[in-house]
Each structure stands twice: as C-alpha cells, then as structure tokens.
Amino acid sequence: MSELLKFHFDVDGTDFTSAGQASVQVKKNLRQLGIPPEIIRRVSIAMYEGEINMVIHAGGGEADVIVTETAIEIRLHDHGPGIKNIDQAMQEGFSTATDTIRTLGFGAGMGLPNMKRYSDDIEIHSELGVGTDIIMRVNLT
Amino acid sequence: MTVSELIEKAGFKAATLPEPDKEITGVYIGDLLSWVMGRANSGDVWITIMSNMNILAVASLADTACILVAEDVELSQDLLTTAKQKNINVLLTELGAYEAAVKISKLI
C-alpha cells in the first residue's frame with residue numbers, strides 16, 4: 001500500500017473558535033484529488049470530531065492525513081491527559097466535557113462514536129498522563 | 001430551489017450570501033454540533049439557535065446549503081466576516097425552528 005500524499009496539521013489547542021480548520025482544509029484537498037463526495041464526508045466528520053476532541057480535552061495536537069491507493073488514513077496524536085476508560089468513552093452520550101463546552105453545542109458524547117461510525121477501522125492507544133494516538137481508516141474501495 | 005429564491009419566497013434575512021445559487025434539498029434542525037455533523041445531509045437548510053463560530057466549520061463540513069439561525073438570535077460581526085470568507089450562507093429569521101421548517105417544506 002503505497003503512500004500517495006500526506007497532509008500534516010498542527011491543531012491549535014488554545015483557539016476553540018478556529019477548531020475544525022484542519023478538517024475543512026482536508027476536505028478541500030480531497031475534493032481536488034477527485035475523491036468521491038461520500039468518502040470525503042466520512043473523512044471530514046471523523047477528522048473534525050478528532051480535532052475537536054484534541055482542542056477540548058488535550059490542548060491541541062497533531063493530525064496527519066495519508067492518502068493511499070486503497071484508503072485514507074487519519075492519524076491523530078496528542079499529549080493530553082489520556083482516556084481513562086476507552087470502552088466508556090466509546091458509548092454514545094458519555095462525555096467529560098465541561099458545561100462551558102456544552103453550551104457551545106459540544107460535549108454530547110458523540111465524538112468517539114461518530115469517529116467509529118464514519119471510519120471503516122479505528123485504533124485507539126491512550127495512556128493516562130502521556131497522551132492519545134488514534135488511527136482511523138476510510139477505505140476507498 | 002436555490003438559497004436566494006428561498007430568501008425571497010420565505011422572507012428570511014440574508015446575513016451573508018456568498019453562494020446564492022446553492023441548491024436546497026431538505027432541512028435539518030439541531031443544536032448539538034456533533035449530531036448535526038453526522039446527520040445533516042448535504043444541501044440541507046440547517047436550522048439552529050447556536051451562534052458561535054464553530055457552526056461555520058460544521059456547515060462547511062456537512063455541506064449544508066445554508067445555516068438558518070432561528071428565533072432572531074444575534075450573530076457577532078466576527079462570525080459574519082468569517083462566514084463570508086468561508087463562503088457560507090447564513091440566514092436569519094424571527095421564527096422558531098418548527099415554523100421555519102414548515103415554511104420551507106411548503107416551498108421546496
């Protein structure tokens with residue numbers, strides 16, 4: 001599986017209002033590559049949720065999007081507090097977001113479930129006090 | 001029906017209209033952004049009472065035809081400036097979400 005293209009983004013953890021910029025940029029890039037709209041939509045949603053999570057919980061991080069002939073892979077990396085209980089975090093409606101975040105329309109506990117729903121494959125590695133790595137793949141074929 | 005035709009026929013106000021010819025195919029109502037992101041269809045009028053900057057990213061990623069901010073919720077100048085830059089149509093109405101959706105449903 002050869003790597004055709006790679007996009008790298010630093011996700012700013014201090015500016016909540018600009019969260020989502022990397023996902024919007026990825027969407028544009030994938031459109032230019034002629035990727036089918038439904039695939040782009042799934043990649044964008046999965047990545048946006050990841051980006052928002054990094055801003056809300058981890059003070060930012062890094063995102064890489066790798067396009068190969070068979071799939072689009074999104075790699076997220078942060079040095080946040082880590083996820084205490086991944087099974088619990090994967091449940092719809094479970095959230096540790098603050099009330100302030102909730103008044104902005106986030107914190108519905110749909111972040112990780114949406115990431116799972118819209119990708120074909122998701123791997124989560126998290127260590128408390130160290131950070132979280134997430135790899136999501138959306139198949140092209 | 002396009003967004004500009006909707007404005008004319010439904011009497012909604014255009015706060016920003018960088019893409020007047022976007023085609024409308026449906027309506028989605030919601031304020032929880034992750035929910036909207038996952039469930040709204042491209043071409044929907046997204047009716048919400050949220051007015052923070054993040055609604056622009058959600059509209060852009062979900063590819064909605066426009067955001068319709070209901071109940072006369074006030075929008076900041078910052079939001080409108082960014083919406084123009086990002087090519088996102090933002091409409092306003094004094095109606096509630098239900099009344100606005102019913103009105104749109106009769107037109108499209």
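As shown above, the structure is provided for reference.
### What about the nonpolar core?
Counting residues in hydrophobic clusters, the biggest one holds 61 residues, and the most contacted among them are A:Leu30, B:Trp46, B:Leu56 and B:Ile67. If you tally residues by element for this core, the top one is helix α2 (residues 37-58) of chain A, at 10 residues. Here B:Trp46 is in contact with B:Tyr28, B:Gly30, B:Leu33, B:Val36, B:Ile55, B:Val58, B:Ala59, B:Thr64, B:Cys66, B:Ile67 and B:Leu68, once residues within four sequence places are set aside. One finds B:Met1, B:Ala65, B:Ala70 and B:Ala100 within the second-largest nonpolar core, a separate group that totals 17 residues.

### Some details on the sheet that holds strand β5 (residues 131-139) of chain A
Residue and element names in this part refer to chain A. With antiparallel pairing, the 5 strands of this open sheet are ordered in space as β1-β2-β3-β5-β4. In this open sheet, the two edge strands, each paired with only one partner strand, are β1 (3-12) and β4 (121-127). Between one strand axis and the next, the sheet turns through 10° on average, direction left out of account. Along the sheet, α2 contacts β1, β2 (60-68), β3 (71-78) and β5; its crossing angle with β3, the most-contacted strand, is approximately 5°. Packed on one face of the sheet, helix α5 (residues 111-118) meets β3, β4 and β5 and runs near 30° to β5.

### Observations concerning the packing of aromatic side chains
All told, the structure shown has 1 aromatic pair over all chains when counted by the stated rule. Aromatic pair A:Phe16 and A:Phe106: ring centres 5.3 Å apart, planes at 90°, arrangement edge-to-face. With a gap of 90 residues between them, A:Phe16 in the loop between β1 and α1 (21-32) and A:Phe106 in the loop between α4 (99-103) and α5 connect regions that are remote in the sequence. Comparing A:Phe16 with A:Phe106 shows no difference in burial state: the two are buried. Against the face of B:Trp35 rests B:Arg39, its NZ or CZ located 4.8 Å from the ring centre.

### Examining the interface of chain B and chain A
How big an interface is tends to be stated in terms of accessible area lost as the parts join. In this assembly, 22 residues from chain B lie in contact with 23 residues from chain A. A combined buried area of about 1,800 Å² lies between chain B and chain A, and 55% of that area is made up of carbon and sulfur atoms. For the chain B face of the interface with chain A, the top three residues by lost area are B:Ser34, B:Asn54 and B:Leu61, together amounting to 33%. Here chain B and chain A share 2 salt bridges between them. Between A:Lys27 and B:Asp63 there is a salt bridge, and its shortest N-O distance comes to 3.6 Å. In this structure, the connection of chain B to chain A is made through 10 residue pairs in polar contact (both at pLDDT 80 or more). The set of elements that each furnish at least two residues to the side of chain B that touches chain A consists of α2 (33-39) and α3 (54-62) of chain B.

### Points about the packing of α2(A) against α3(B)
Relative orientation of the contacting elements α2(A) and α3(B) amounts to 155°, with a least axis distance of 9 Å. Relative to α3(B), the element α2(A) is oriented roughly antiparallel. Residue-level contacts link A:Arg41, A:Ser44 and A:Tyr48 of α2(A) to B:Asn54, B:Ala57, B:Val58, B:Leu61 and B:Ala62 of α3(B). Class assignment of the residues belonging to the contact of α2(A) with α3(B) gives a composition of 5 nonpolar, 2 polar and 1 charged.

What counts, and at which threshold
- Residues numbered from 1 in each chain as written.
- Chains lettered and ligands numbered in written order.
- Predicted model: local features only at pLDDT ≥ 70, side-chain atom pairs only at ≥ 80, totals over all residues.
- Heavy atoms only, no water.
- Core = buried A, V, L, I, M, F, W, Y, C linked by side-chain atoms within 4.5 Å.
- Buried < 20%, exposed > 50% of the residue type's maximum accessible area, 1.4 Å probe, protein only.
- Helix = DSSP H or I, 4+ residues; strand = E, 2+ residues; numbered from the N terminus.
- Contact = heavy atoms within 4.5 Å.
- Pairing = 2+ DSSP bridges.
- Axes fitted to C-alpha atoms, helices over the stretch in contact; angles between N-to-C directions.
- Phe/Tyr/Trp six-rings, centres within 6.5 Å; stacked < 30°, edge-to-face > 60°.
- Lys NZ or Arg CZ within 6 Å of the ring centre and 35° of its normal.
- Buried area = accessible area lost by both parts, 1.4 Å probe.
- Salt bridge = Lys/Arg side-chain N within 4 Å of Asp/Glu carboxyl O.
- Polar contact = N/O pair within 3.5 Å; in protein donor to acceptor, adjacent residues only side chain to side chain.
- Parallel < 35°, antiparallel > 145°, perpendicular 65-115°, else oblique.
- Nonpolar A, V, L, I, M, F, W, Y, C, P; charged D, E, K, R; others polar.

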